[in-house]
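Close look at the chain arrangement
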Amino acid sequence: EPMIQVENLCKSFSTKSGTVEAARNISFSIEKGEIFGIIGLSGAGKSTLVRCLNLLERPTSGTIRIKGKNLMELPERKLRKERQNIGMIFQHFNLLMQRTALDNVCFPMEIVGISKKEARKKALEYLKIVGLEEKALSYPSQLSGGQKQRVAIARVLASDPEILLCDEATSALDPQTTKSILELIRKINKEYGITVVVITHEMSVVQEICNRVAVLERGVLVESGTVEELFRSP
Ligand code: ADP
Ligand code: ADP
């Protein structure tokens, strides 16, 4: 069964000027271990889809299944549990500015009650995996964009999720740094078997790392297939 299965997902918002259909009848599925891209221009509905996938927002209709479990049938309390299985990285990194890199990585482990000592030991290992152990005691303000994203990726590893959602995760980075972050994402996909969903407006990003891609346009999934199928020159 697929890791993520989205079926006929619709999401609409009521506004003063009427109803906005941000997602219209979207269906796709993502297999375990895949790197799946969702690409679209601004306003296509990417953020809306992300908020549905990370279970922060309920679809207006349709279903989302994770490993076969229909999330639409779960109460809020159980959704919170499912959410722990989904790691996220963001365009602006979302690190805690008052905490060192090490303590940022410790954070998800402290939340689940791992002792401070044990958390620090593991956090150092995760920082090593992302190539940043020598910056363990630096604060986010002392790190470059690429280094901040590495801390965020180490923090994701610390929460041991099966799914990683990358929401415009390289959009604030220069091309060279983007390349190295994408390489790191590919590495953790391979080594830890984490299923990766990459949401982006950048063609080059999906071409670089995705196995399959879905194209969103004005809330509609207009095309999906392998990168080769979609971007093959005629
Ligand atoms: P993207 O992330 O691809 O830029 P969004 O999901 O942010 O697209 O937006 C898709 C459409 O839904 C846009 O027209 C946007 O204005 C609208 N939209 C998104 N969120 C809301 C909301 N909370 N209330 C009203 N309209 C929204
Ligand atoms: P992004 O750059 O990630 O697409 P947006 O700027 O589209 O983000 O949206 C930021 C926030 O504003 C989101 O929480 C979204 O739900 C909300 N939003 C987007 N469009 C609208 C809208 N037309 N009306 C109300 N809220 C909106």
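Up top is the structure.
Residues numbered from 1 in each chain as written. Chains lettered and ligands numbered in written order. Predicted model: local features only at pLDDT ≥ 70, side-chain atom pairs only at ≥ 80, totals over all residues. Heavy atoms only, no water.

**A closer look at the packing of aromatic side chains**
Scanning all chains against the criterion turns up one aromatic pair. Plain terms: the ring middles of phenylalanine 28 and phenylalanine 36 are 5.4 Å apart, the flat faces sit at 15 degrees to each other, and that makes the pair stacked. Residue phenylalanine 28 is classed as buried on the basis of its relative accessible area, which comes to 8%. (Phe/Tyr/Trp six-rings, centres within 6.5 Å; stacked < 30°, edge-to-face > 60°. Buried < 20%, exposed > 50% of the residue type's maximum accessible area, 1.4 Å probe, protein only.)

**Quick notes on the site of ligand 1**
Gly43, Gly45, Lys46, Ser47 and Thr48 are the nearest of the 13 residues found near ligand 1. One nitrogen or oxygen atom from the main chain of glycine 43 is found 2.6 Å from an oxygen atom belonging to ligand 1. Taken by itself ligand 1 offers 550 Å² of open surface, and the protein chains cover 62% of this. The set of elements that each furnish at least two residues to the shell around ligand 1 consists of β1 (4-15), β2 (18-30) and α1 (46-53). No other element matches the four residues that α1 contributes to the shell around ligand 1. Partitioned by chemical class, the residues of the shell around ligand 1 number five nonpolar, six polar and two charged. (Near = heavy atom within 4 Å. Polar contact = N/O pair within 3.5 Å; in protein donor to acceptor, adjacent residues only side chain to side chain. Areas by Shrake-Rupley, 256 points an atom, 1.4 Å probe, with all protein chains shown as cover. Helix = DSSP H or I, 4+ residues; strand = E, 2+ residues; numbered from the N terminus. Nonpolar A, V, L, I, M, F, W, Y, C, P; charged D, E, K, R; others polar.)

**Considering the layout of surface pockets**
Size it by volume and the largest pocket reaches roughly 680 Å³. Around the largest pocket, the lining is made up of 19 residues, and of these Arg83, Gln84, Ile86, Pro108 and Ser159 lie nearest the centre. Breaking the lining of the largest pocket down by element, the ones donating at least two residues are β6 (86-90), α3 (101-111) and α5 (145-158). Its residues placed into classes, the lining of the largest pocket shows 11 nonpolar, five polar and three charged. (1 Å grid on protein atoms, 1.4 Å probe; cavity = no way out; pocket = protein on both sides within 12 Å on 5 of 7 lines; lining within 4 Å. Points joined across faces, edges and corners; volume = space filled by probe spheres on them.)

**Let's talk about the side chain of arginine 155**
Looking at where arginine 155 falls in the secondary structure, it is placed in helix α5. From its side chain, arginine 155 meets the backbone oxygen of phenylalanine 93 in a polar contact 3.3 Å long. Residues within four places of arginine 155 in sequence aside, it is in contact with Phe93, Asn94, Leu95, Asn104, Val105 and Pro108. (Contact = heavy atoms within 4.5 Å.)

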